[in-house]
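# Chain and residue survey
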Amino acid sequence: MAAPMSWRRLVYSVYTPALSGVFTRISDRFFRTHDRRRGSSLLLLAPLLAEAEVVPAPPPWPPSSPGMEGLHARFHWMADHVPAFRVPGARVHVLHSPEEFYQVMKVDCMKEALERSQSSSNPDLKVSLLLDYTRGSRGKNNSRTMLLPLLQRFPAQVRVSLYHTPDLRGLLRLVVPERFNETIGVQHIKAYLFDDSLIISGANLSDSYFTNRQDRYVLLENCGEVADFFADLVGAVGDVSLQLQPDDSVHMLDGMVHPYKGNRKDFSALARRRIMEVVNTARTRQRLLEAQRTLDEEAQGGGGERGGQEEASGSDTDTWVFPLVQMKPLGIHLDEQVTERLLTEAGGDSTVYLTSGYFNLTRAYMRLVLGAAADYRILMAAPEVNGFFGAKGVAGAIPAAYVHLARQFYSKVCQLGQQSRVHLHEYHRADWTFHAKGLWYYLDGSDRPCLTLIGSPNFGYRSVHRDLEAQIAIVTENEELQAELQQEQEMLYKRSTEVSGNTFNQPNRYVKLWVKLVTPLIKNFF
């Protein structure tokens, strides 16, 4: 059960000056309710991040219990790294299109949260947003300028936090142009929290993500404990970020270290400590709850009463959610640890469908894929659906750089004789771009996935080493949820063609010599 809350909340990860219509609705609601009464209910807008450090050590995971059998027993090692939340699979919904993502966010989540805020007996409406400083401040019209009217009208109710990477500092911060400074590191997490419901995705909030840019999205509806966890994480990251003021200036909270003016080591240590306190507290609490649950089940013995209880509660124990976060600049690398072990333990009885809008695997991930026993089906963007296709200047060569990286990977697959086990696919769709990332994990003998990773990481160098990332691992025995995940995976792969040696001989796969020469030098920045 979620911790008691005296407010309503809505968490957003936003770093583009988009969704102005939605924020206009929030603003209008502020104006109407403010005139009628002194507040409304609490709405929290922002993202999250985290990992595991040394706070009180969590108790050992309890011995295998009925809820830990089968799939859960196979993957429960994740709970050694991150909090593990039991949720009913019926409350997890896979969204399949940009339009559905928009409608669910606008109507099913945001509108309902705003309406509840008006009728709540404790109507203190608050909005909190966590953005990336560099992306949110770029250009004359940006996320900061879009949000200033809200902040100016309701300074006590609106909080805008701008995360600034500690790696962009000193001379580097002065010489790197505004258009490229985000390559040093950004807040890349996309999490949208409305009261006790959460949407986690790789999608931003610019127009294309609601129209013709394919991504992935999962709604966790009325999952209060997961929502509480993400809200606490958002608050922790917001605390170590720059705070936007009504006059468009920024400052740090008292006691915090400035990310680029202060000592880098001190900033990272303080930020890690603040964030890890949240993560480890949640991990400890979930383990204690699981231990108590096991004791309660054992105390009931083998009587008939127990059987009835298990049948009644079975739908509440068929799915686990493990939040995975990556903040390498702060020394937090939970997502990396879990992903590497997941790839390592993917045996010959497994098939992994892995997708990335920007296919640029780290050396570690590439080594694990090429050395594993599992079958891999890897989906990437064809050049014409790459988000940088047709861009001006140097950025216009980025799709060609990804073609070069894909060809190098395919060559390694062939050199190792792994063509029957590792397959590459390219996503095609006229007038669309491709931004989906994550994986689906199938066990031998099953035509439905039992596990998925979904969120912001691209499995590349930036995701692992530079940016702030988050995704969730969902492990489920719920057949309806498995079917939804299967449908999602098949829908994406049906629009793809398999890569062969001839693919890279096509005219639109030609890569200029200078791109080949530069790619090894810059591939860690995109």
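Residues numbered from 1 in each chain as written. Predicted model: local features only at pLDDT ≥ 70, side-chain atom pairs only at ≥ 80, totals over all residues. Heavy atoms only, no water.

### Brief notes about the overall build of the protein chain
Here is the rule: In this description a helix means any DSSP run of H or I spanning at least four residues, a strand means any run of E spanning at least two, and both kinds are numbered starting from the N terminus. Two residues qualify as a contact provided that any one of their heavy atoms is within 4.5 Å of a heavy atom in the partner residue.
Looking only at helices and strands, one finds 15 helices and 21 strands in the protein chain. Sequence separation of 24 or more characterises 83% of the internal contacts of the protein chain that already satisfy a separation of 6 or more.

### Concerning the packing of aromatic side chains
Rule in force here: Only rings of Phe, Tyr and Trp enter the pairing, Trp through its six-membered ring, and a pair is recorded when the two centres are within 6.5 Å. The plane angle decides the type: under 30 degrees is stacked, over 60 is edge-to-face, the rest tilted. For each residue, the accessible area found with a 1.4 Å probe, counting protein chains only, is set against the maximum for its type, and the residue is called buried under 20%, exposed over 50%, and partly exposed in between. For a lysine, the NZ atom is tested; for an arginine, the CZ atom; a charge sits over a ring if that atom is within 6 Å of the ring centre and within 35 degrees of the ring normal.
Following the criterion strictly, the structure yields 17 aromatic pairs and no others. Between the aromatic rings of Tyr102 and Phe210, the centroid separation amounts to 4.9 Å while the plane-to-plane angle is 55°, which identifies the pairing as tilted. With a gap of 108 residues between them, Tyr102 in helix α3 (residues 98–119) and Phe210 in the loop between β7 (197–201) and β8 (213–214) connect regions that are remote in the sequence. Of the residues examined, Tyr102 reaches a relative accessible area of 21% and is grouped as partly exposed. An aromatic cluster of three or more residues is present, and its members are Phe101, Tyr102, Tyr192, Phe210 and Tyr217. Note that Arg173 overlies the ring of Tyr260, its terminal NZ or CZ placed 3.7 Å from the centroid. Between Arg429 and the ring centre of Trp432, over which it is positioned, the NZ or CZ distance is 3.5 Å.

### Some thoughts on the nonpolar core
Operational definition: Each nonpolar core is a collection of buried residues, namely Ala, Val, Leu, Ile, Met, Phe, Trp, Tyr and Cys, held together in the definition by side-chain atoms within 4.5 Å.
With 115 residues, the main nonpolar core has Phe322, Tyr376, Phe409, Tyr441 and Leu451 as its most contacted residues. The greatest single-element share of this core, amounting to 10 residues, is contributed by helix α12 (residues 398–415). Those residues in contact with Phe409 that lie beyond four places of it in its chain are Phe359, Leu361, Met366, Val369, Leu370, Ile378, Val422 and Leu424.

### Quick word on the confidence of the model for the protein chain
Going by this rule: Here pLDDT means the predictor's own confidence in every residue, given as a number from 0 to 100.
Here the protein chain shows a mean pLDDT of 85. Residues at 70 or above account for 83%. Taken as a whole, residues 1–8 scores under 50 in pLDDT and shows 17 contacts with residues more than four places along the chain or in a different chain. Scored below 50 in pLDDT, residues 24–28 makes seven contacts in the model with residues more than four places away or belonging to other chains.

### Quick look at the side chain of Asp215
Worth spelling out the cut-off: Note on charges: Lys and Arg go in the positive column, Asp and Glu in the negative column, and His and the chain ends are not counted at all. Only one rule defines a salt bridge in this text: a Lys or Arg side-chain nitrogen within 4 Å of an Asp or Glu carboxyl oxygen.
Assignment of secondary structure puts Asp215 in the loop between β8 and β9 (217–220). The buried charged residue Asp215 lacks any salt bridge, with Lys437 as its nearest oppositely charged partner at 4.3 Å. Those residues in contact with Asp215 that lie beyond four places of it in its chain are Ser201, Gly202, Ala203, Tyr209, His435, Ala436 and Lys437.

### Section: the pattern of salt bridges
Summed over all chains, the structure comprises 15 salt bridges. A salt bridge links Glu290 to Arg86, with the shortest nitrogen-to-oxygen separation between them at 2.3 Å. Remark: Arg86 occurs in strand β2 (residues 85–87) and Glu290 occurs in helix α8 (residues 264–299); sequence separation between them is 204 residues. Note that Glu182 is salt-bridged to Arg138, the shortest N-O span being 2.1 Å. Of the two residues, Glu182 is situated in the loop between α6 (170–175) and β6 (191–194) and Arg138 in the loop between α4 (133–137) and α5 (143–153); the sequence distance between them amounts to 44 residues. Since its relative accessible area comes to 13%, Glu182 is described here as buried. Taking the relative accessible area as the measure of exposure, Arg138 reaches 31% and is therefore partly exposed.

### Looking at the environment of Tyr493
The line we're drawing: What qualifies as a polar contact is a pair of N or O atoms within 3.5 Å, subject to a donor-acceptor requirement within protein and to the restriction that residues adjacent in sequence count only when both atoms come from side chains.
Among the secondary structure elements, Tyr493 is positioned in helix α14 (residues 479–493). For the pair Tyr493 and Tyr427, spaced 66 residues apart in sequence, the C-alpha to C-alpha distance is 7.2 Å. Apart from the residues within four sequence positions on either side, Tyr493 is in contact with Tyr353, Leu354, Arg377, Ile378, Leu379, His425 and Trp440. Of the polar contacts made by the side chain of Tyr493, one reaches the backbone oxygen of Arg377; its length is 2.7 Å.

### Description of the side chain of His423
Relative to the assigned elements, His423 resides in strand β16 (residues 422–427). With relative accessibility at 13%, the residue His423 sits in the buried group. A distance of 2.6 Å separates the side chain of His423 from the side chain of Glu498, its partner in a polar contact. Those residues within four positions of His423 in sequence are excluded, and the remaining contacts are Tyr376, Arg377, Ile378 and Glu498.

### Here we look at α12
For the record, the criterion: Here a helix's expected span is defined as the number of its residues, less one, multiplied by 1.5 Å.
With 18 residues, α12 should cover 26 Å at 1.5 Å per step; its first-to-last C-alpha distance of 26 Å lies within 8% of that length. Among all positions of α12, only Ile398, Pro399, Ala400, Ala401, Tyr402, Val403, His404, Leu405, Ala406, Phe409, Tyr410 and Val413 are buried. As for α12, its buried residues are in contact with α11 (363–371), β15 (375–381), β16 and α15 (513–522). The first or second residue beyond α12 is Gly417, which carries a positive phi of 65°.

### As for the environment of His188
Structurally, His188 can be placed in the loop between α6 and β6. Under the relative-accessibility criterion, His188 is labelled buried at 7%. Note: C-alpha distance between His188 and Arg135 (53 residues apart in sequence) is 10.0 Å. Side-chain polar atoms of His188 contact the side chain of Lys190, separated by 2.9 Å.

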